[in-house]
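Working through the structure, step by step
Read off the chains here:
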Amino acid sequence: GLNRFDGYRFTIYRHDPLDPNSLSNNYIEDLLEDRNGVLWIATQNGVNRFDQHTGDIVRYHHDPENPNSLGEDMIGAIYQDREGIVWIGTWKHGLNKFDPVTETFTRYRHNPDNPQSLSGDEVRSIYQDRTGTRWRPYPAAQRLWNRVLHFLQPQQTQRRRQHQNPRRAGPG
């Protein structure tokens, strides 16, 4: 669950299967406080958007009948980029981009026929560097000798792949 301390006392937020305004799961993978002060809670059963002023929780889940829902409910990472876009990484179903107007998701997945797609669907961390490039580090389990870093250009929707091979000596 989630513990909140206001300087005087703790309030504990937990999953309650009978309460749709409770957390979707007690196991929290990642937290994000966005620009508007909304707390995003990534769990092993979806994402929760927590309004800290009202105490309301909105749950987002994978719906196999809805291609605009989360790619899956096992969430590995959540991140807000400089443009204010909330990105959600899943354990096995790629990267999700949240649209706050429609409250829907765009999914980015590995496609073996598309070299511009993600090379893997496990997203456990998301990072944006100084140049504005959003990086999705590949899982640490991949061999060090064949590291692959993925990124999404902020001004483009095109996904690219950058290969790094530390065994390769010399330029080019």
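This section reports on the structure supplied with the text. (Residues numbered from 1 in each chain as written. Predicted model: local features only at pLDDT ≥ 70, side-chain atom pairs only at ≥ 80, totals over all residues. Heavy atoms only, no water.)

**Here's the deal with the sheet that holds strand β3 (residues 28-33)**
- With antiparallel pairing, the four strands of this open sheet are ordered in space as β3-β4-β5-β6. Pairing within the sheet leaves two strands with one partner each, and these edge strands are β3 and β6 (57-60). Pairwise comparison of adjacent strand axes, ignoring direction, gives a mean angle of 20° for this sheet.
- When strand β5 (residues 46-50) meets β6, the two strands line up antiparallel, connected through four bridges. Across the sheet, residue F50 finds its bridge partner in β6, namely I57. (Pairing = 2+ DSSP bridges. Helix = DSSP H or I, 4+ residues; strand = E, 2+ residues; numbered from the N terminus. Axes fitted to C-alpha atoms, helices over the stretch in contact; angles between N-to-C directions.)

**A look at the packing of aromatic side chains**
- Enumeration according to the criterion identifies eight aromatic pairs in this entry.
- With a centroid separation of 5.7 Å and an interplanar angle of 80°, the aromatic rings of Y60 and F105 are classed as edge-to-face. Of this pair, Y60 sits in strand β6 while F105 sits in strand β10 (residues 104-108), placing them 45 residues apart in sequence.
- Take Y60: its relative accessible area is 6%, and that puts it in the buried class.
- With relative accessibility at 2%, the residue F105 sits in the buried group. (Phe/Tyr/Trp six-rings, centres within 6.5 Å; stacked < 30°, edge-to-face > 60°. Buried < 20%, exposed > 50% of the residue type's maximum accessible area, 1.4 Å probe, protein only.)

These results come straight from atomic positions and should not be treated as a statement about function.
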